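The lines below spell out each chain.
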Amino acid sequence: MIKNICCIGAGYVGGPTMAVIALKCPDIKVNVVDLNEARIDAWNDENLDNLPIYEPGLAEVVGQCRGENLFFSTDVNNAIAEADAVFISVNTPTKTYGVGKGQAADLKYIELCARQIASVAKTPKIVIEKSTLPVRTAEAISNILKNTGNGVEFQILSNPEFLAEGTAVQDLLNPDRVLIGGEETEEGKKAAQALVDVYKNWVEPEKILTTNVWSSELSKLTANAFLAQRVSSINALSELCEVTGADVNEVSKAIGTDSRIGSKFLKSSVGFGGSCFQKDILNLVYIAKSYGLSQVADYWEQVIILNDHQKKRFAMNIVKTLFNTVSGKDIAILGWAFKKDTNDTRESAAIYVADELLNERACVKIYDPKVKEHQMFSDLDYLKTRTTEENRSLVTVSLDPYEACKDVHAIAVLTEWDEFKDYDWQKIYDNMKKPAFVFDGRALLDQEQLAEIGFVTYKIGKG
Ligand code: UDX
Ligand code: ADP
């Protein structure tokens, strides 16, 4: 029976997942550990508004459990030593060097964790991979644990996370399914059952699926690839709609009512972002290539190519519409997060749109209700397109949306934050340069209302 859980990695996956396990399993002690001291301090901040991750409902859950059965610390070794089950929820970014650069997942953080668990463990442990990983990572973890450990028994499980940011707490409380992959041995089955028993505290048993390890790992990559593919498919159609005079929202609605297609994930946008979609597809592409399956690899790679095209054509459309030059013009960006209700900006379309505009020497004014200024600059600096100084001279960040939109030539809406719909658009119009343009990359705003005020509007996917 699992009585003590250690989770290595206090990020967007580890933090919310462990908070919900602690909430639903008061008899289990949950230690969330991370090397990043500032992040742990933020998780322990008395003011729950200062948690490092913004997710609706998360602060309430943390407030309820923290100090009771949920603890955040940097003492990784102690937490591992105490635990019956260790979740590995560290980041697995795309490799930026060496073999597989730009496609394969960088497993160095996972390997470090496995080595640390091996060196610290004195009692048997179930080790659970929670991060998104390429197929056959469990095998590598198992190799390290079994060959470098102190002769301690380890069972490796794959338990991929399907939560989406912005709805993490709800997704964790009411998952469509929980997937647990384990070895097909007696001990493997026992370990999987121990984890099933944890989830059974709040998830109906028929929603808890057990599979072999490889199926579980591949299912996670496949789920994300299918979801991203739907977005790229509708985004491909958005361009066709724009030249033919159709409205992509109407097309989405019409096809989504077919129960075989379904209505979700058919919202055309300036491009998908987030830490998972691109990384997981690149991973799938890399795996397919490494088995010599070039047609399979090319098929999935096209989902990414289309997404890059969508971001670029959105930015280029702004340039074209503003009389083929944005040099020295002020452009406001509303929304920097990769979707609403999160402060996460990883792979956000806004970063790439801003980069293209800055390449054209525009001055960019950014507002996002939850993303901090230092994060925006760090995202732009990371691209290395311009120096840090250049970014600071061309970009300003506003804490107030009306301020961000003051005196600009155009506004680009890049995240679908609900509050954008409620702004006083007449006031924004009055303070802008004329003609006043709005480029709606999320098909969020009421175009007719904007046009009545006097705006020149562009809505993604509408001809
Ligand atoms: C995704 C998966 O949904 C989740 O199951 C997995 O665990 C992690 O990856 P996440 O990246 O948090 O979750 O967000 P998601 O809601 O999937 O959105 C990803 C991107 O696609 C966002 O940029 C979003 O704006 C975009 N998107 C989504 C669209 O452009 N149109 C849609 O119809 C849906
Ligand atoms: P995710 O979205 O997958 O949760 P994040 O980057 O938000 O990714 O979180 C991963 C966390 O894992 C980071 O806070 C990072 O500091 C932490 N981490 C990475 N490697 C280790 C390690 N070896 N030990 C402890 N924490 C680690």
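So, a few notes on the structure that sits alongside this text.

Conventions we followed
Residues numbered from 1 in each chain as written. Chains lettered and ligands numbered in written order. Predicted model: local features only at pLDDT ≥ 70, side-chain atom pairs only at ≥ 80, totals over all residues. Heavy atoms only, no water. Core = buried A, V, L, I, M, F, W, Y, C linked by side-chain atoms within 4.5 Å. Buried < 20%, exposed > 50% of the residue type's maximum accessible area, 1.4 Å probe, protein only. Helix = DSSP H or I, 4+ residues; strand = E, 2+ residues; numbered from the N terminus. Contact = heavy atoms within 4.5 Å. Near = heavy atom within 4 Å. Polar contact = N/O pair within 3.5 Å; in protein donor to acceptor, adjacent residues only side chain to side chain. Nonpolar A, V, L, I, M, F, W, Y, C, P; charged D, E, K, R; others polar. Areas by Shrake-Rupley, 256 points an atom, 1.4 Å probe, with all protein chains shown as cover.

Phe314, Leu334, Trp336, Ile411, Phe420, Trp425 and Phe455 are the most contacted members of the largest nonpolar core, which totals 58 residues. Considering each element in turn, this core owes the most residues, 7 residues, to helix H13 (residues 349–359). For tryptophan 425, the residues in contact, after removing those within four places along its chain, are Leu334, Ile411, Phe420, Val438, Leu445, Leu450, Ile453 and Phe455.

Neighbouring ligand 2 are 15 residues, the closest being Tyr12, Val13, Asp34, Arg39 and Arg346. Contacts to ligand 2 include valine 13, whose backbone N or O atom sits 2.9 Å from an oxygen atom. A class-by-class count of the residues in the shell around ligand 2 yields 7 nonpolar, 5 polar and 3 charged.

Let us look at the site of ligand 1. Neighbouring ligand 1 are 20 residues, the closest being Phe162, Glu165, Ser269, Lys339 and Arg442. Measuring from an oxygen atom of ligand 1, one finds a side-chain N or O atom of serine 269 at 2.6 Å. Notes on ligand 1: free accessible area 660 Å², of which the protein chains cover 91%. With 4 residues, the single largest contributor to the shell around ligand 1 is helix H9 (residues 213–244). Counted by class, the shell around ligand 1 contains 11 nonpolar, 3 polar and 6 charged residues.

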